[in-house]
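Residue strings, one per chain:
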Amino acid sequence: GQSYVSVFLSRLSRGLLPKAAAIAAVLVVCVGLGLSYRTRDIPPQRFETAVGAQRSLNLADGTHVELNTDTVIHAAMTSGARTVTLDRGQAYFEVVHDANHPFVVIAGNHRITDLGTKFSVQRDGERVVVVVKEGEVRVELIATEHGSAPVVAERNMVVIARDKETLVARKHPQEIDDAMLWRAGMLSFNEEPLAAVAEDINRYNTRKIEVVGPAREIRIGGSFRSDNIEGFTQLLRDGFGLKIVEIDDKIVISN
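Residues numbered from 1 in each chain as written. Predicted model: local features only at pLDDT ≥ 70, side-chain atom pairs only at ≥ 80, totals over all residues. Heavy atoms only, no water.

**Q** So what's going on with the packing of aromatic side chains? Residues and values would help.
**A** On inspection of all chains with the given rule, the structure shows four aromatic pairs. Three or more aromatic residues joined by ring pairs make a cluster, and in this case those are F93, F103 and F119. The ring of Y92 carries R183 above its face, with NZ or CZ at 3.8 Å from the centroid. (Phe/Tyr/Trp six-rings, centres within 6.5 Å; stacked < 30°, edge-to-face > 60°. Lys NZ or Arg CZ within 6 Å of the ring centre and 35° of its normal.)

The structure is reproduced here in structure tokens:
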């Protein structure tokens, strides 16, 4: 037989419903459709990106997610909870806030709970970095032998967690924007060792940079395209006179 919605629309189109009843019915139908993810469990979904790739998507609750290079997440939307598990990589979240259904990101042994915000989470093994662009998040250990108080980070804060240790630092808004530049395919560095810069760029490319010798300690600043490894190494040659040697799928940089 016809569904309630189809019968309602048929009667509405023929003028068989009083105006007030029609408005009320429309509101009920719209609210029901908008909250459908709460009334039924959505099968767990897996989303991923390859090395050098990025992806944007919306979860069943309307939350917007952007996946960075080499990232894997699992999303579970049920009538009682909204949970995303970050297996590896980095993801940015613009959460549709719902106090009755907290949005939670599980990264390793850490739980990040949305308190109405836009934030990113990066997981590299057991090291987890949370960057808060707007609102607040709560970061806590999922399981530990000894009690550990959760930390709450607000706008323009960064949380770095590893094992049972957690560091919270307030950053200048420009530093937060720089940390989010990967969403536009760019990477920004501020006087960081070349070895660390190369390690970050390697996340986005199948060809890898290896920095050897004293060149590892050269300080690098600026913005670079994450996928332009040739352009980056050319800048190093021109700017610092470094030696660039290509060996198969590896680029070796030295003084």
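**Q** Summarise the sheet that holds strand β17 (residues 243–247); cite the residues concerned and give the values.
**A** Reading across from one edge, β15-β18-β17 is the order of the three strands in this open sheet, with mixed pairing throughout. Edge positions in the sheet fall to β15 (208–211) and β17, since each of these pairs with one other strand and no more. Strand-to-strand twist in this sheet, taken as the mean axis angle between neighbours without regard to direction, amounts to 25°. Bridge count between β15 and strand β18 (residues 250–254): four bridges; the pairing is parallel. Opposite K208, over in β18, you have K250 as the bridge partner. Relative to β15, helix α5 (residues 194–202) is tilted by about 170°, and along the sheet it contacts β15 and β18. Contacts from helix α6 (residues 229–240) reach β15, β17 and β18 within the one sheet, and its direction differs from that of β18 by about 15°. (Pairing = 2+ DSSP bridges. Helix = DSSP H or I, 4+ residues; strand = E, 2+ residues; numbered from the N terminus. Axes fitted to C-alpha atoms, helices over the stretch in contact; angles between N-to-C directions. Contact = heavy atoms within 4.5 Å.)

**Q** Quick rundown of the nonpolar core? Include the residues and the values.
**A** In terms of nonpolar packing, the biggest core is built from 28 residues, with L59, F93, I112, F119, V121 and V130 touching the most fellow members. Those residues in contact with F93 that sit more than four places away from it in its chain are H64, V65, V84, F103, V105, T117, K118, F119 and V121. V158, W182, A198 and I229 belong to the second-largest nonpolar core, a separate cluster that totals 27 residues. (Core = buried A, V, L, I, M, F, W, Y, C linked by side-chain atoms within 4.5 Å. Buried < 20%, exposed > 50% of the residue type's maximum accessible area, 1.4 Å probe, protein only.)

**Q** Can you tell me about the confidence of the model for the chain, naming the residues and giving the values?
**A** Residues shown with low pLDDT carry predicted positions that ought not to be read at fine detail. Residues at a pLDDT of 70 or more form 82% of the chain, whose mean pLDDT is 86. When mean pLDDT is taken per element in the chain, strand β3 (residues 64–67) scores highest with 98 and helix α2 (residues 19–34) scores lowest with 47. Here residues 1–5 is modelled with pLDDT under 50, and outside its nearest four sequence neighbours on either side it reaches four contacts, counting other chains as well. Long-range and interchain partners of residues 23–36, a stretch whose pLDDT sits below 50, account for five contacts in this model, where long-range means more than four residues apart. (pLDDT = per-residue confidence, 0-100.)

**Q** So what's going on with the layout of surface pockets? Residues and values would help.
**A** In this structure, the largest pocket encloses a volume near 1300 Å³. Around the largest pocket, the lining comprises 39 residues; the ones closest to its centre are Q122, R127, V129, E192 and D200. Residue assignment for the lining of the largest pocket shows that the elements contributing at least two residues are β5 (82–94), β8 (118–124), β9 (127–134), β12 (157–162), β13 (165–170), α4 (173–179), β14 (186–193) and α5. If one sorts the elements of the lining of the largest pocket by residue count, β14 sits on top with six residues. For the lining of the largest pocket, the class distribution of residues is 16 nonpolar, nine polar and 14 charged. (1 Å grid on protein atoms, 1.4 Å probe; cavity = no way out; pocket = protein on both sides within 12 Å on 5 of 7 lines; lining within 4 Å. Points joined across faces, edges and corners; volume = space filled by probe spheres on them. Nonpolar A, V, L, I, M, F, W, Y, C, P; charged D, E, K, R; others polar.)

**Q** So, the environment of I106: which residues are in play, and what are the values?
**A** Its place among the elements puts I106 in strand β6 (residues 103–107). The class for I106 is buried, based on a relative accessible area of 17%. C-alpha separation for the pair I106 and V139, spaced 33 residues apart in sequence, amounts to 9.9 Å. Those residues in contact with I106, other than ones at most four positions away along the chain, are T83, V84, T85, L86, R111 and I142.

**Q** If you had to explain α6 to someone new, which residues and values would you point to?
**A** Over its twelve residues, α6 extends 16 Å from the first C-alpha to the last, a length consistent with the 16 Å expected when each residue adds 1.5 Å. Elements in contact with the buried residues of α6: α5, β15, β16 (219–225), β17 and β18. G241 occupies a position one or two residues after α6 and carries a positive phi of about 65°. (Expected span 1.5 Å × (residues − 1).)

**Q** Help me get a handle on the pattern of salt bridges, residues and values and all.
**A** Charged atoms that come close allow side chains of opposite charge to pair. Across all of its chains, the model carries 15 salt bridges by this definition. The closest approach of N and O atoms between E140 and R111, which form a salt bridge, is 3.6 Å. Taken together, the residues E140 in strand β10 (residues 136–141) and R111 in strand β7 (residues 110–114) connect sequence positions 29 residues apart. Between E210 and K250 there is a salt bridge; the shortest N-O distance is 3.0 Å. (Salt bridge = Lys/Arg side-chain N within 4 Å of Asp/Glu carboxyl O.)

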